[in-house]
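# Remarks on the overall topology
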Amino acid sequence: MSEPAAAPTSLTSRSVSSRVFALLNAFTPEQPALRLVDLRDVTGLPVSTVHRIAMELVELGALKKDAEGVYRIGLRIWELGSLCPQPRTLRDISLPYMQDLYEATGENVHLAVLDGGEVLYLERVWGRRSVNVVTHVGGRSPLHATGVGKMLLSHASRDFQEQVLTAGLKRYTPHTVVMPGLLMRTLQTVRVTGIARCVEELSLGTMSIAAPIFDGDRTLAAALSVVLHTGAKKLATVEPALKMAAMSISRELARAYDSEVTMPTGRRSPTSP
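In short, a report on the structure. As the structure is a prediction and not an experimental result, all values here were calculated from the model.

On to the packing of helix α7 (residues 158–167) against helix α8 (residues 180–193). Interaxial distance between α7 and α8 falls to 11 Å at its minimum, and their mutual angle equals 145 degrees. Considering the relative orientation of α7 and α8, their crossing is right-handed. Counted together, Arg158, Gln161 and Leu165 of α7 and Pro180, Leu183, Met184 and Leu187 of α8 form the full contact between these two elements. Grouping the amino acids of the contact of α7 with α8 by side-chain chemistry returns five nonpolar, one polar and one charged.

So this is what it looks like as structure tokens:
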């Protein structure tokens, strides 16, 4: 007698997972608070399905719902995200140098990585003296119109660069570089000099300067930047300080990758990447 066929649990699980992630992905920095009808419209799921999944996520702490029926991302998602080892290690190593860089410049300091086809900001240090910026931790920016983006893109593969160019270069200000040939020449200069400058390409009145951060095998891990007012006279002192901070972070990151920190059980420490 033949054994009964196994139930298609993987297909069912995948379907459920995709629906859950569709709902969570509906939240963005521009729309951090959504009502049930908003979630329905964004996900395209039936309102009954959205309501059921949302209530389950509220019970699990992945979402929170206020008295007016507005949903927001819950603390449990933040807790889980903080467990991702490489960004946590990178942030832990970088933060003291970022704070020193802010003290030296008084300007916004950003730590960013490449994620998909965008810049993802992992950390930011700023204060009352800093110029106002539109970026924030967990936020995203275009690669071609930011200092960190140009630095990250300059070290990407040629195929990836071509994909970015093919997708189109959006113009954010009159100064945004949208000509593919000019952008490619800029990226070559960035890679050779180790400095990316972006003047009023994302927003008027500000400029960003970025330097590379490398990991243990000299692969680009992240980009570090300072954002300041356009034409700031302290530019000559900002660039050397930025380079020094990025080099120090790279050195510490390489040590973290090279060292074998073991626990009593023989496993690697959870703080190791």
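The pairing of strands in a sheet comes from backbone hydrogen bonds and takes either a parallel or an antiparallel form. Across the sheet, which stays open at both edges, the six strands sit in the order β5-β4-β3-β8-β7-β6 with antiparallel pairing between neighbours. Each having just a single partner strand, β5 (140–142) and β6 (196–199) make up the two edges of the open sheet. Pairs of neighbouring strands in the sheet enclose a mean axial angle of 30 degrees, with direction left out of account. Sheet topology note: the strand β4 (residues 118–125)/β5 ladder contains three bridges and is antiparallel. Paired with Leu120 across the strands is Arg140, a residue of β5. Sitting on the sheet, helix α6 (residues 147–154) is in contact with β3 (108–115), β4, β6, β7 (206–214) and β8 (220–229), with an inclination near 155 degrees to β8.

As for its placement among the helices and strands, Thr176 is situated in the loop between α7 and α8. Measuring from C-alpha to C-alpha, the distance between Thr176 and His144 comes to 8.1 Å, with 32 residues separating the pair along the chain. Once you skip the residues sitting within four places of it in the chain, Thr176 turns out to touch His144, Ala145, Lys170, Arg171 and Glu201. A distance of 3.0 Å separates a polar side-chain atom of Thr176 from the backbone nitrogen of Thr173.

Residue class for Thr176 comes out buried when judged on its relative accessible area of 3%. A distance of 2.5 Å separates a polar atom in the side chain of Thr176 from the backbone oxygen of Glu201.

The end-to-end C-alpha separation of α8 is 20 Å, in line with the 20 Å expected for 14 residues at 1.5 Å each. Considered for burial, the residues of α8 that qualify are Leu183, Met184, Leu187 and Val190. Seen from one end, α8 has its buried residues packed into an arc of 120 degrees, which puts them on one side. Along α8, exposed side chains directed more than 90 degrees from the buried face belong to Arg185, Gln188 and Val192. The first or second residue beyond α8 is Gly194, which carries a positive phi of 75 degrees.

What counts as what
Residues numbered from 1 in each chain as written. Predicted model: local features only at pLDDT ≥ 70, side-chain atom pairs only at ≥ 80, totals over all residues. Heavy atoms only, no water. Axes fitted to C-alpha atoms, helices over the stretch in contact; angles between N-to-C directions. Helix = DSSP H or I, 4+ residues; strand = E, 2+ residues; numbered from the N terminus. Left-handed = near helix turned anticlockwise from the far one by under 90°. Contact = heavy atoms within 4.5 Å. Nonpolar A, V, L, I, M, F, W, Y, C, P; charged D, E, K, R; others polar. Pairing = 2+ DSSP bridges. Polar contact = N/O pair within 3.5 Å; in protein donor to acceptor, adjacent residues only side chain to side chain. Buried < 20%, exposed > 50% of the residue type's maximum accessible area, 1.4 Å probe, protein only. Expected span 1.5 Å × (residues − 1). Arc of directions from axis to C-beta.

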